[in-house]
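# Chains, contacts and geometry: an overview
This is what each chain is made of:
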Amino acid sequence: MKATGAQIRQIAQNQGLTTATVIPSQFAEIEYLTVELKKFKTAFFIMDNQSFDFSYSHTYNAKTDKTTYSKPKGF
């Protein structure tokens, strides 16, 4: 699924979730839109530099320090 940043933010807002834009490094050309799913769990959506749409990248669990690639429900 590809979506605009506004669409992902709207889906998150409808579910009461928090979003943020993250650029891993000032030199990186990568931009993520993150959705905080739970206290320690964050979904990352990566931006396509040509279309500027976002697609699901991964989910990171800070409590367990694990990355998974199963898309969260609703996205």
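As a reminder, the structure under discussion sits directly above these lines.
Let me sum up the structure you'll find in this document. (Residues numbered from 1 in each chain as written. Predicted model: local features only at pLDDT ≥ 70, side-chain atom pairs only at ≥ 80, totals over all residues. Heavy atoms only, no water.)

Attention now goes to the nonpolar core. Ranked by size, the top nonpolar core spans 12 residues in total: Ala3, Ile8, Ala12, Leu17, Leu33, Val35, Ala43, Phe45, Met47, Phe54, Tyr56 and Phe75. When residues of this core are traced back to their parent elements, those giving at least two are helix 1 (5–14), strand 3 (32–36), strand 4 (41–47) and strand 5 (54–61). Beyond its immediate sequence surroundings of up to four residues, Val35 is in contact with Ile8, Ala12, Leu17, Thr18, Thr19, Lys41, Thr42, Ala43, Phe45 and Phe75. (Core = buried A, V, L, I, M, F, W, Y, C linked by side-chain atoms within 4.5 Å. Buried < 20%, exposed > 50% of the residue type's maximum accessible area, 1.4 Å probe, protein only. Helix = DSSP H or I, 4+ residues; strand = E, 2+ residues; numbered from the N terminus. Contact = heavy atoms within 4.5 Å.)

Another point: helix 1. Residues of helix 1 that are buried: Gly5, Ile8 and Ala12. The buried residues of helix 1 occupy an angular sector of 70 degrees when the element is viewed end-on, so they sit on one face. What points out from helix 1, more than 90 degrees from its buried face, is the exposed set Ala6, Gln13 and Asn14. Buried residues along helix 1 sit in contact with strand 1 (2–3), strand 2 (18–22), strand 3, strand 4 and strand 5. (Arc of directions from axis to C-beta.)

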